[in-house]
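# Breakdown of the fold
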Amino acid sequence: MADKLLEIKGVSKIFRVGGMIRGKKLVAVDDVTLSIDNDKPVILSVVGESGCGKSTLCKMVLRLHNPDMGDIVLDGKSYRDKKSYNAKQFKLEVQPIFQNPYESFSARKPVDSYLFNTALRLGIAKNKAEATNLVDDALKSVGLSLAVVQGKYPTQFSGGELQRVSIARALITRPKLIIADEPVAAIDASMKMNIVNLFKELKDKYKVSFIYITHDLSTAYYVSDYIATLYRGCLIEYGPAKEIMDEPAHPYTELLMSAVPRIGDKWADDDMALPDMESKEYSITYCKFAPRCPYATDECRKSRPGETYLNDVRKVMCFHPLIQPKK
Ligand SMILES: Nc1ncnc2c1ncn2[C@@H]1O[C@H](COP(=O)(O)OP(=O)(O)OP(=O)(O)O)[C@@H](O)[C@H]1O
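Residues numbered from 1 in each chain as written. Predicted model: local features only at pLDDT ≥ 70, side-chain atom pairs only at ≥ 80, totals over all residues.

## So, the overall build of the protein
Test applied: Helix and strand assignments come from DSSP, with helices taken as H or I runs of at least 4 residues and strands as E runs of at least 2, each series counted from the N terminus. C-alpha atoms define the radius of gyration in this analysis, and the globule rule sets the expected value at 2.2 Å times the number of residues to the power 0.38. Two residues form a contact once the distance between their C-beta atoms, set from the backbone, is within 7 Å.
A count of helices and strands for the protein gives 12 helices and 12 strands. For 327 residues, the compact-globule estimate of 2.2 N^0.38 gives 20 Å, and the protein sits close to it at 20 Å. Each principal axis of the C-alpha distribution contributes one length, and for the protein these read about 65 × 50 × 45 Å. Contacts spanning at least 24 positions in sequence make up 66% of the contacts within the protein whose residues lie at least 6 apart.

## Quick look at the UniProt feature "domain: ABC transporter" (unreviewed entry) in the protein
In plain terms, the rule: UniProt positions are given in the numbering used here, feature names are shortened, and annotations may be inferred rather than shown by experiment.
Following the UniProt record, the feature "domain: ABC transporter" (unreviewed entry) maps to residues 6-257 here. Secondary structure content for residues 6-257 is 39% helix and 27% strand, while the C-alpha to C-alpha distance between its ends is 27 Å.

## Considerations on the packing of helix α4 (residues 111-121) against helix α7 (residues 159-172)
Put simply, the rule is: Only the stretch in contact is used when a helix axis is fitted, and all axes are lines through C-alpha atoms; the angle between N-to-C directions ranges over 0 to 180 degrees. Oblique is the label for every angle not falling under 35 degrees (roughly parallel), over 145 degrees (roughly antiparallel), or within 65 to 115 degrees (roughly perpendicular). Residues are grouped as follows: nonpolar covers Ala, Val, Leu, Ile, Met, Phe, Trp, Tyr, Cys and Pro; charged covers Asp, Glu, Lys and Arg; every other residue, Gly included, is treated as polar.
Remark: α4 packs on α7, axes separated minimally by 9 Å, with the N-to-C direction vectors making an angle of 10°. One finds that α4 runs roughly parallel with respect to α7. Packed against α4, whose contacting residues are V111, Y114, L115, T118 and A119, the element α7 presents V165, A168, R169 and I172 at the interface. Residue composition of the contact of α4 with α7, grouped by class: 7 nonpolar, 1 polar and 1 charged.

## Section: the pairing of strand β7 (residues 177-181)
Under the convention used in this document: Three exposure classes are used, all based on how many other C-beta atoms lie within 10 Å of a residue's own C-beta (placed from the backbone): buried at 20 or more, exposed at 12 or fewer, and partly exposed between those limits. Any two strands with at least two DSSP bridges between them are considered paired. For a crossover, the right-handed case is the one in which the path from the first strand over the helix to the second runs clockwise, viewed with the strands pointing away from the viewer.
A large share of β7 lies buried, amounting to 4 of its 5 residues. Where strand β6 (residues 94-97) meets β7, 4 bridges bridge the pair, whose relative direction is parallel. Its bridge partner being in β7, I97 is matched across the sheet by A180. Relative to strand β8 (residues 209-214), β7 runs parallel, the two being bridged by 5 bridges. Note that in β8 the partner of A180 across the bridge is Y212. Taken together, β7, helix α8 (residues 189-206) and β8 form a β-α-β motif whose crossover is right-handed.

## Focus on the environment of A170
Here A170 lies in helix α7. Classification of A170 by C-beta neighbours within 10 Å gives buried; the count is 24. Sequence spacing of A170 and L92 is 78 residues, and the spatial spacing of their C-alpha atoms is 9.0 Å. With residues near it in sequence (within four places) discarded, A170 still touches Q95, I97, P175 and I178.

## Some remarks on the packing of α7 against α8
So the rule is basically this: The sense of a crossing depends on the near helix, which, turned anticlockwise from the far helix by less than a right angle, makes the crossing left-handed and, turned clockwise, makes it right-handed.
Look at α7 against α8: their axes get within 10 Å of each other, and the N-to-C directions meet at 15°. Taken together, α7 and α8 sit at an angle that is classed as roughly parallel. Of the two elements, α7 crosses α8, and the hand of that crossing is right-handed. The residues of α8 that touch α7, namely those facing G160, Q163, R164, I167 and L171, are M191, N194, I195, L198, L202 and Y206. Classifying every residue of the contact of α7 with α8 gives 7 nonpolar, 3 polar and 1 charged.

## Quick notes on the sheet that holds strand β1 (residues 4-17)
Within a sheet, neighbouring strands are paired by backbone hydrogen bonds and run either parallel or antiparallel to one another. Here 4 strands make up an open sheet; going across it, the order is β2-β1-β4-β5 and the pairing antiparallel. Of all the strands in the sheet, the pair left with one neighbour each is β2 (24-37) and β5 (77-78). Where strand β4 (residues 69-74) and β5 come together, 2 bridges link them in antiparallel fashion. By the bridge assignment for β5, L74 is matched with K77.

## A word on the sheet that holds strand β9 (residues 226-231)
The strand order across the open sheet built from 8 strands is β6-β7-β8-β3-β9-β10-β12-β11, with neighbouring strands paired in mixed fashion. For this open sheet the edge positions go to β6 and β11 (308-309), each flanked by a neighbour on one side alone. Bridge analysis of β9 against strand β10 (residues 234-240) gives 6 bridges, and the strand direction is antiparallel. Following the sheet pairing, L230 is matched in β10 by L235. Here helix α1 (residues 54-61) sits on the sheet in contact with β3 (43-47), β7, β8 and β9, set at roughly 150° to β8.

## Topic: the site of the ligand
Rules: Each residue gets a C-beta atom placed from its backbone. If that atom is within 6 Å of a molecule or strand, the residue is near it.
Close to the ligand lie 13 residues, the nearest being F15, A28, S50, S55 and T56. Taken together, the elements giving at least two residues each to the shell around the ligand come down to β1, β2 and α1. A total of 3 residues in the shell around the ligand trace back to one element, the largest contributor, which is α1. The class makeup of the residues in the shell around the ligand is 5 nonpolar, 7 polar and 1 charged.

## What about α4?
Within α4, burial applies to V111, D112, Y114, L115, F116, T118 and A119. Along its buried surface, α4 packs onto α5 (128-140), α6 (146-149) and α7. Of the residues flanking the end of α4, it is G123, one or two places downstream, whose phi is positive at about 75°.

## Some words on the confidence of the model for the protein
Basically, it comes down to this: Per-residue confidence from the predictor is given as pLDDT, running between 0 and 100.
Chain-level statistics for the protein give a pLDDT mean of 89 and a share of 93% at 70 or above. Predicted confidence for residues 267-278 stays below pLDDT 50, and this span has 18 contacts to residues more than four positions away or in other chains. Here the predicted complex carries an ipTM of 0.97, next to a pTM of 0.90.

So this is what it looks like as structure tokens:
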């Protein structure tokens, strides 16, 4: 077993937008480096306003996009090493949960058929009896059961219930990593904490790490061990959730923290007093936050800040962090 479950090493993704002739390059993810240790499961929240590159980063981890630069290494296996890639093994190890559970299941099939299919097709259960036990266990760990779910179609569930079914499906493969992309965004506010609480329980019970992508800073604070903040594709701050929330080191994180106190609140761009996104901001080569940073100096408008470690794990990409490194 490698020391790291996941290493995202200097990864970038560039999209071409607006046609071949007059189009521009949009650096949706810009040289991001992050990792998750293998020794203890964690919940890493990836936060930031709409369009900052959260989903693109996670789609690269899910192998739905190829990075244009950098590499991703899962449990010691590089994504660039195509020869050692085994699609079935990958599906066992990494599972996604998407935003809208009604889009994850066809309206014409009973939802339990998906769970049985996962258990049998990926060879986790050898026969129907084994699959029945697996499916029932997975459903019970999310507060449901096969007896409750069997034969029912997606529309017979609430959004929160159906999202719990998708979590149960993800658990069947006994993954090492679950990537949940805005899993509570489409769910009734009263159910959000219910789902987020489940991640905490399942992390310990199944020894599975989560990457939780969210706009919702209050649930991120509640659930996360670590937080990674993205701004215009750049990782601008990373570290233990409590440290970051209590004492942000990057001026952008400080701005976010001042805007979000309550569970279920989304970061509307208006709340954060940030103007509309401009694609040119994705391509600037100095600090991307400099144009709107109250503390920016000439240095910030000339070059991109590197990583400054504030302690053993916490890092900030800023020339003038709000807190100073521990000596
Ligand atoms: N396939 C694509 N082609 C072109 N541009 C894309 C593509 N996918 C994403 N983008 C652009 O890349 C940037 C980052 O998008 P991404 O979806 O990763 O952001 P996000 O932080 O997940 O946003 P949201 O919270 O709204 O889902 C955005 O400007 C988006 O328009």
